[in-house]
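# Structural characterization, general
So the chains spell out like this:
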Amino acid sequence: MDLAMVYIARNGIHTEEEYEYIGNDTFRCRANFTKNIKPLSAIHYVPPNNEYQLQQALLNTPISIALTVDSFEFIFYSEGVFTGPCGTMPNHAVLLTGYGVQNGTKYWNFKNSWGKDWGDNGYMKILRTTSNNYVGTCGI
């Protein structure tokens, strides 16, 4: 993820409208680097295990994060706040888009790269906690 952010900071990135995500294994790059490239103004790192700073950073922009994907329940998630099971050794990158509370349960909301057919239209709500030195379930 770090190398991708550095690349984007140096070279820019297409907007979602210009380069819609298509999730399949046979897809070929169709980037056109001569038009509509949007630069990043900066890269900021949020200190690990700091829920407050992560929330504050989300007020300005979505955030690239890593988490652990290692359970049947995660892979086949469809709705509600996911509470596990999963490990704490991050192995998958997602885009953290927000946070909230549902029925008294605090959660993070993220967009996965597996397309709109996965999860809740491509998104997951995942338990937000500060236990075990993490700010969320699955090693967030």
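This text follows the structure it describes.
The rules behind each value
Residues numbered from 1 in each chain as written. Predicted model: local features only at pLDDT ≥ 70, side-chain atom pairs only at ≥ 80, totals over all residues. Heavy atoms only, no water. Core = buried A, V, L, I, M, F, W, Y, C linked by side-chain atoms within 4.5 Å. Buried < 20%, exposed > 50% of the residue type's maximum accessible area, 1.4 Å probe, protein only. Helix = DSSP H or I, 4+ residues; strand = E, 2+ residues; numbered from the N terminus. Contact = heavy atoms within 4.5 Å. Pairing = 2+ DSSP bridges. Arc of directions from axis to C-beta. Polar contact = N/O pair within 3.5 Å; in protein donor to acceptor, adjacent residues only side chain to side chain. Phe/Tyr/Trp six-rings, centres within 6.5 Å; stacked < 30°, edge-to-face > 60°.

## What to know about the nonpolar core
Counting 19 residues, the largest nonpolar core has Leu 67, Phe 74, Leu 96, Trp 108, Phe 110, Met 124 and Ile 126 as the members making the most contacts within it. Broken down by secondary-structure element, the contributors of at least two residues to this core are helix H2 (51-58), strand S3 (63-67), strand S5 (92-102), strand S6 (105-111) and strand S7 (123-127). Here the element with the most residues in this core is S3; it accounts for three residues.

## Concerning the side chain of Thr 137
Position of Thr 137 among the secondary structure elements: in the segment after S7. For Thr 137, a relative accessible area of 10% translates into the label buried.

## Some points on the environment of Met 1
For Met 1, the location among the structural elements is in the segment before helix H1 (2-11). The exposure class assigned to Met 1 is partly exposed, which follows from its relative accessible area of 42%. Sequence separation of Met 1 and Ala 93 is 92 residues, and the distance between their C-alpha atoms is 7.1 Å. In this view, Met 1 contacts Ser 64, Ile 65, Ala 66 and Ala 93; residues no more than four positions away in its chain are not counted.

## Regarding the pairing of S5
As paired elements, S3 and S5 share five bridges and run antiparallel to each other. Bridging from a neighbouring strand, Ser 64 pairs with Leu 95 of S5. Here S5 folds back onto S6 in antiparallel fashion, the turn holding two residues, of which Asn 103 has a positive phi close to 50°.

## Remarks on H2
By the burial criterion, the buried members of H2 are Glu 51, Leu 54, Gln 55 and Leu 58. For H2, the arc enclosing every buried residue in end-on projection is 100°, short of the 170-degree limit, so these residues lie on one face. On its buried face, H2 is in contact with S3, S5 and S6. By the N-cap criterion, in which a side-chain oxygen at the helix start approaches the backbone nitrogen of a residue two or three places on, H2 is capped by Asn 50, the distance to Tyr 52 being 3.3 Å.

## Describing the packing of aromatic side chains
Inspection of every chain in the model, using the stated rule, returns ten aromatic pairs. Geometrically, the ring pair formed by Phe 74 and Trp 114 is edge-to-face, given 6.1 Å between the ring centres and 85° between the ring planes. With a gap of 40 residues between them, Phe 74 in helix H3 (residues 72-75) and Trp 114 in the loop between S6 and S7 connect regions that are remote in the sequence. The interplanar angle of 25° and the centroid separation of 6.4 Å between the aromatic rings of Phe 110 and Trp 118 together place this pair among those described as stacked.

## So, the sheet that holds S7
Strand order in this open sheet of five strands is S3-S5-S6-S7-S4, and the pairing throughout is mixed. Of all strands in the sheet, those with a lone pairing partner are S3 and strand S4 (81-82), marking the two edges. Where S4 and S7 come together, two bridges link them in parallel fashion. In the strand pairing of S7, Phe 82 is matched with Ile 126.

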